[in-house]
Amino acid sequence: MKATGIVRRIDELGRIVVPKEIRRTLRIREGDPLEVYTDREGEIILKKYSPVGELANFALQYAKVLAETTGKLVCITDMDHVIAAQGSGKRHLENQPISRELEKLIEQRKDYSSLETGDVVPVAKEMKESFKGQSVSVVNVHGDALGAVILLGQEEISPMEITLVHTTAEFLGSIMED
């Protein structure tokens, strides 16, 4: 654990302010859920909660099947990181922070395909490999955007593959609604 040197007092209602610098660095915004952990040494640990992250094992298996079916790289993200990646090039994307461009697409609840523009939106902040085709579908739960399903290929993405990505995002969203 890394010390920040920042000290805060708990107010009379039991609240503590998370400093702006830390919120900015960790991409924590007003209304974001935080999970509270404690350990044996008496430490309290706050962790940004990710409903999509709760499905990480399931998402990994689903991404594996989709990658095998399409022969392309499949990524499933929450609002901050790639939580599952399968297919050629997955090592460079697994657990990586998502790019600002992808974050904006997700926040705007916009599905995206390189068929429309010819451009590929970077998935991670530092993408080492380039791709020609891409489809992005946002995972929505009760109107909240929680992440995305992304298909990347060395050739253009077909309309059927775009449908598969959309169906996967809808399916993951429906699982989290229950």
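Cut-offs used in this document
Residues numbered from 1 in each chain as written. Predicted model: local features only at pLDDT ≥ 70, side-chain atom pairs only at ≥ 80, totals over all residues. Heavy atoms only, no water. Helix = DSSP H or I, 4+ residues; strand = E, 2+ residues; numbered from the N terminus. Buried < 20%, exposed > 50% of the residue type's maximum accessible area, 1.4 Å probe, protein only. Patch = residues over 30% accessible without salt bridge, like charges linked within 9 Å, V, L, I, M, F, W, Y side chains within 5 Å. Areas by Shrake-Rupley, 256 points an atom, 1.4 Å probe, with all protein chains shown as cover. Salt bridge = Lys/Arg side-chain N within 4 Å of Asp/Glu carboxyl O. Lys, Arg positive; Asp, Glu negative; His and termini not counted. Charge placed at Lys NZ, Arg CZ, Asp CG, Glu CD. Pairing = 2+ DSSP bridges. Contact = heavy atoms within 4.5 Å. Axes fitted to C-alpha atoms, helices over the stretch in contact; angles between N-to-C directions. Core = buried A, V, L, I, M, F, W, Y, C linked by side-chain atoms within 4.5 Å. Phe/Tyr/Trp six-rings, centres within 6.5 Å; stacked < 30°, edge-to-face > 60°. Parallel < 35°, antiparallel > 145°, perpendicular 65-115°, else oblique. Left-handed = near helix turned anticlockwise from the far one by under 90°. Nonpolar A, V, L, I, M, F, W, Y, C, P; charged D, E, K, R; others polar.

How should I be thinking about the overall build of the chain in this particular structure?
When helices and strands are tallied, the chain shows five helices and seven strands. The N-to-C order of helical and strand elements in the chain reads α-β-β-α-β-β-α-β-α-β-β-α. Taken over the C-alpha atoms alone, the chain extends approximately 60 × 35 × 30 Å along its principal axes. Expressed as a percentage of its 178 residues, the buried residues of the chain come to 36%.

Explain a positive patch on the surface here, please?
A grouping of Arg 8, Lys 20, Arg 23 and Arg 24 is seen on the molecular surface, where their side chains present a positively charged patch. Tracing the chain through its elements places Lys 20 in helix 1 (residues 20-25).

Would you explain the sheet that holds strand 3 (residues 73-77) in this entry?
Strand-to-strand pairing in sheets goes through backbone hydrogen bonds, with the strands running parallel or antiparallel. Taken in spatial order, the five strands of this open sheet run 4-3-7-6-5, and their pairing is antiparallel. Both outer strands of the open sheet, strand 4 (82-86) and strand 5 (112-113), are each paired with one neighbouring strand and no more. Bridge count between strand 3 and strand 4: four bridges; the pairing is antiparallel. Directly across from Val 74, in strand 4, lies its bridge partner Gln 86. Contacts from helix 5 (residues 159-177) reach strand 3, strand 5, strand 6 (133-141) and strand 7 (144-153), with the element oriented near 20 degrees to strand 6.

What is the right way to look at the nonpolar core in this model?
One recurring pattern in soluble globular proteins is that nonpolar side chains are buried together. Counting residues in each nonpolar core, the largest one holds 21 residues, and the members touching the most others are Cys 75, Leu 93, Leu 102, Ile 106, Val 123, Ile 150 and Leu 152. Contributions of two or more residues to this core are made by strand 3, strand 4, helix 3 (100-107), strand 6 and strand 7. Element by element, the count of residues in this core is highest for strand 7, at four residues. What Leu 102 contacts, discounting residues up to four positions off in sequence, is Thr 77, Val 121, Pro 122, Val 123, Val 136 and Ile 150.

What exactly am I supposed to notice about the packing of aromatic side chains here?
The relative placement of two aromatic rings is captured by the distance of their centres and the angle of their planes. Considering all chains together, one arrives at three aromatic pairs under this definition. Measuring from ring centre to ring centre gives 6.0 Å for Phe 58 and Phe 171, while their planes differ by 40 degrees; the resulting arrangement is tilted. Of this pair, Phe 58 sits in helix 2 (residues 56-70) while Phe 171 sits in helix 5; the two residues are 113 residues apart in sequence, bridging distant segments of the chain. For Phe 58, a relative accessible area of 35% translates into the label partly exposed. Accessibility expressed as a relative area gives 34% for Phe 171, which makes it partly exposed. Pairwise contacts between aromatic rings join Phe 58, Tyr 62 and Phe 171 into one cluster.

So what exactly am I meant to see when it comes to the packing of helix 2 against helix 5 here?
Geometry of a packed helix pair, given as the angle between the helix axes and the separation of the axes. Axis separation between helix 2 and helix 5 bottoms out at 12 Å; the angle between their running directions is 165 degrees. Comparing the axis directions of helix 2 and helix 5 gives the class roughly antiparallel. Along this stretch, helix 2 crosses helix 5, giving a crossing that reads as right-handed. Contacts between helix 2 and helix 5 involve Phe 58, Tyr 62, Leu 66 and Thr 70 from the former and Glu 161, Leu 164, Thr 168, Phe 171, Leu 172 and Ile 175 from the latter. Taken together, the residues that form the contact of helix 2 with helix 5 break down as seven nonpolar, two polar and one charged.

Any chance you could explain the pattern of salt bridges here in plain terms?
Scanning the model with the defined rule gives four salt bridges in all. The partner of Lys 72 in a salt bridge is Glu 161, and the shortest N-O contact between them spans 2.9 Å. Taken as a pair, Lys 72 in the loop between helix 2 and strand 3 and Glu 161 in helix 5 lie far apart in primary sequence, 89 residues in all. Summarising the burial analysis for this pair, Lys 72 and Glu 161 share the class buried.

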